[in-house]
Structure formats: C-alpha cells, structure tokens
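The chain contents come next:
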Amino acid sequence: MERILKRVAGATMRGGAALLAAVAILAVAAFDASAAQPQPWQLGMQEHVTPVGHKVDELHNILLVIITLISLFVLALLVYVCIRFKRSNNPTPSKTTHHTMLEVAWTGIPALILVFIGLYSFPLLYFQDKAVDPDMTIKVEAHQWYWNYTYPDQEIAFDSYLIPDADIQPGQIRLLDVDNRLVVPVGKKVQVLVTTFDVMHSFFVPALTVQVYGTPGRVNETWFEVEKPGVYYGQCNQICGIDHSRMPIVVEAMEQADYDAWLAKAKEQFAMNPTATKVASVAD
C-alpha cells in the first residue's frame with residue numbers, strides 16, 4: 001500500500017509539473033504581443049507599454065514562481081504526512097505538543113518570504129504613486145456616464161462618449177470605441193489627475209498599467225509614459241450606475257510630430273471658454 005501511495009504521489013508531482021508547463025505554453029501561444037486590447041482566450045496580462053507596467057510584470061513573474069514553489073511544497077508535505085503517519089506506519093502516535101525548531105521555521109520562513117517580496121513591491125508602490133517632473137498634465141473628470149478630459153497647459157477640454165451601436169464604423173470596436181480619444185505623445189511623462197462629478201468611478205487602462213479611483217470631492221493622481229504609438233483601451237471598473245458598462249476609455253499615443261498636428265486642430269475644436277475669449281477680444 002505504501003509503495004502504491006508513493007507512486008501516486010510521484011505521478012501527482014509529475015502531473016502538476018506537466019500541467020504548469022502546458023499552461024505556460026498556452027499562455028505564450030495565446031498572448032498577442034501587439035494587442036492593445038483583450039483577446040479571446042487570452043492568458044496572462046496584456047502587453048505593457050509603460051515603465052510601471054514592466055515593473056509590475058516583473059513582480060508578477062516573481063510572485064508566480066514563489067506561489068508555485070509554496071503550492072508544490074505543501075502538496076508534497078501533505079502526501080508525505082499521509083504516508084508517514086498513517087496507522088500502519090505509526091501505530092503509536094507521538095504525544096509531542098511543541099517543537100521549537102518547527103515553530104521557529106514555520107514563523108521565520110514565511111516572514112523572510114514576505115520581506116523578500118517587500119524588497120520588490122514597496123519600491124514599486126512608490127514608483128507608480130506620483131509623477132516626478134511630469135512633461136504634461138491631464139485632468140480626467142468622470143460623469144454618469146462619460147469622461148471629460150482637460151489639458152490645462154494647452155487650454156483645451158472635451159467630453160468622450162461611447163459610440164452607439166448604430167453608429168459603429170468598420171474597424172471600430174463595439175462598447176470600447178469613443179467619439180473623442182485621449183491623445184498623448186509617446187515618450188512623455190503624463191501626470192493624470194482624476195476626479196469625479198457625481199459618484200465614484202475608476203480610470204482603468206490595463207496596457208498602461210493605470211487604475212485610479214475618482215472620488216467625489218477629491219483629486220487622485222497617477223501617471224504613465226507610453227513607450228510606443230498605439231491605441232489602448234480601458235473602461236470604468238467601479239460600478240457607478242445603470243450605464244457603468246458604457247464608460248470606455250481610449251488612449252491614443254502618437255509620435256511627437258503627429259501629436260503636435262492633433263494639438264493644433266484640438267485647440268481650434270476644443271478651446272476652453274471660446275465665447276469668453278471672443279468677448280475679451282472685442283472689448284480690447
């Protein structure tokens with residue numbers, strides 16, 4: 001019987017390793033490195049295009065190794081205990097109630113693991129918290145149920161609404177595309193100030209590794225620096241009401257020359273308080 005149990009334990013360990021390998025292969029096969037949006041049957045996270053994202057991905061991979069080793073160790077320990085201390089192998093159970101070395105080990109080793117994780121996670125928390133010397137600032141204000149984007153330095157502001165199903169054009173994505181995208185230049189550190197006009201919302205763009213809540217009466221901060229041009233999709237992931245699912249976020253990152261051309265048009269189309277500007281000009 002003991003021999004059978006050992007064989008089962010060995011087969012379990014080999015099967016677990018094979019399963020992990022299969023999952024890893026499927027993850028690589030299913031992951032589209034050029035995808036700026038979720039893909040059907042995708043495993044793993046979306047491609048990261050920001051410095052914060054790369055650090056988050058590194059921490060994720062480290063934690064995956066740690067939790068896998070812990071899970072395999074606990075599985076092996078359970079199998080060993082089942083075999084070693086079954087009635088036939090251990091007819092007279094030990095009456096030991098305390099074991100100093102074991103108690104020190106099962107307290108100290110987890111504490112050391114947490115310290116090791118903290119060496120990676122705490123610097124990352126500070127790194128992603130606030131932008132240091134940002135190149136530009138964007139204010140994001142959430143409404144039920146659309147977004148308002150303000151570029152205070154460029155003096156432009158505009159609303160961003162979901163494109164209704166009836167108006168979807170070829171190449172646009174249902175429930176994700178919007179009429180006015182949030183446009184940023186590549187390689188610039190963008191400070192994002194998030195607030196809300198009514199209830200709580202969440203500004204969430206996975207590819208940019210950005211998620212920050214908009215809280216009534218407060219302004220929360222995050223930042224990102226997009227490394228390559230592209231269109232990146234996100235959504236409000238804080239349940240905010242009946243049309244919660246109709247608050248997509250679309251960030252388009254452009255090369256500096258293209259961004260400058262867009263900005264020139266945006267200053268004509270989305271200038272802040274254009275009526276007040278005209279009145280002031282007439283008064284002069």
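See the structure printed just above.
Below, the structure is looked at part by part. (Residues numbered from 1 in each chain as written. Predicted model: local features only at pLDDT ≥ 70, side-chain atom pairs only at ≥ 80, totals over all residues. Heavy atoms only, no water.)

**A closer look at the state of the cysteines**
On inspection of all chains with the given rule, the structure shows 0 disulfides. We note that C236 lacks a disulfide partner, and the nearest cysteine sulfur, in C240, lies 4.0 Å from it. In this structure C236 comes out as buried when scored by relative accessible area, which is 4%. (Disulfide = S-S within 2.5 Å. Buried < 20%, exposed > 50% of the residue type's maximum accessible area, 1.4 Å probe, protein only.)

**Quick look at the environment of N237**
Within the element layout of this structure, N237 appears in the loop between β9 (230–235) and β10 (248–254). For N237, a relative accessible area of 34% gives the class partly exposed. Counting along the chain gives 25 residues from N237 to V212, while the straight-line C-alpha distance between them is 9.9 Å. Here N237 is in contact with S202, F204, Q211 and H244, once residues within four sequence places are set aside. Within the local environment of N237, its side chain forms a polar contact with the side chain of Q211, the two groups lying 3.2 Å apart. (Helix = DSSP H or I, 4+ residues; strand = E, 2+ residues; numbered from the N terminus. Contact = heavy atoms within 4.5 Å. Polar contact = N/O pair within 3.5 Å; in protein donor to acceptor, adjacent residues only side chain to side chain.)

**What to know about the sheet that holds strand β8 (residues 220–224)**
Spatially, β3-β2-β1-β5-β8 is the arrangement adopted by the 5 strands of the open sheet, whose pairing is mixed. Both edges of this open sheet fall to β3 (156–160) and β8, since each of them pairs with a single strand only. Across the sheet, the mean angle from the axis of one strand to that of its neighbour is 25 degrees, orientation sign disregarded. Sheet analysis places strand β1 (residues 136–143) next to strand β2 (residues 146–151), joined by 5 bridges and oriented antiparallel. Paired with K139 across the bridge in β2 is T150. (Pairing = 2+ DSSP bridges. Axes fitted to C-alpha atoms, helices over the stretch in contact; angles between N-to-C directions.)

**A short note on the environment of P185**
Examined against the element boundaries, P185 turns out to sit in strand β4 (residues 182–185). The spatial distance from the C-alpha of P185 to the C-alpha of E252 is 8.4 Å, given a sequence separation of 67 residues. Apart from the residues lying within four places of it in its own chain, the contact partners of P185 are M136, M254, Q256 and Y259.

**Some words on the packing of aromatic side chains**
Scanning the entire structure with this criterion turns up 11 aromatic pairs. Among the aromatic side chains, those forming a connected cluster through ring pairs are Y149, Y151, F158, Y259, W262 and F270. Over the face of the ring belonging to F127 we find K55, whose NZ or CZ atom lies 5.2 Å from the ring centre. When the ring centre of F85 is taken as reference, the NZ or CZ atom of R84 above it lies at 5.0 Å. (Phe/Tyr/Trp six-rings, centres within 6.5 Å; stacked < 30°, edge-to-face > 60°. Lys NZ or Arg CZ within 6 Å of the ring centre and 35° of its normal.)

**Looking at the pairing of β8**
By the criterion of burial, β8 is predominantly enclosed, with 4 of the 5 residues buried. For strand β5 (residues 190–196) and β8, the ladder comprises 5 bridges, and the chain directions are antiparallel. Considered in β8, the bridge of V192 is made with T222.

**Examining the side chain of E141**
Inspection of the secondary structure assignment puts E141 in strand β1. The side chain of E141 sits in the buried core without any salt bridge; K139 is the nearest counter-charge, 4.5 Å away. At 3.0 Å, the side chain of E141 forms a polar contact with the side chain of H143. Leave out the neighbours within four places in its chain, and E141 touches Y146, W147, N148, T195, T196 and F197. (Lys, Arg positive; Asp, Glu negative; His and termini not counted. Salt bridge = Lys/Arg side-chain N within 4 Å of Asp/Glu carboxyl O.)

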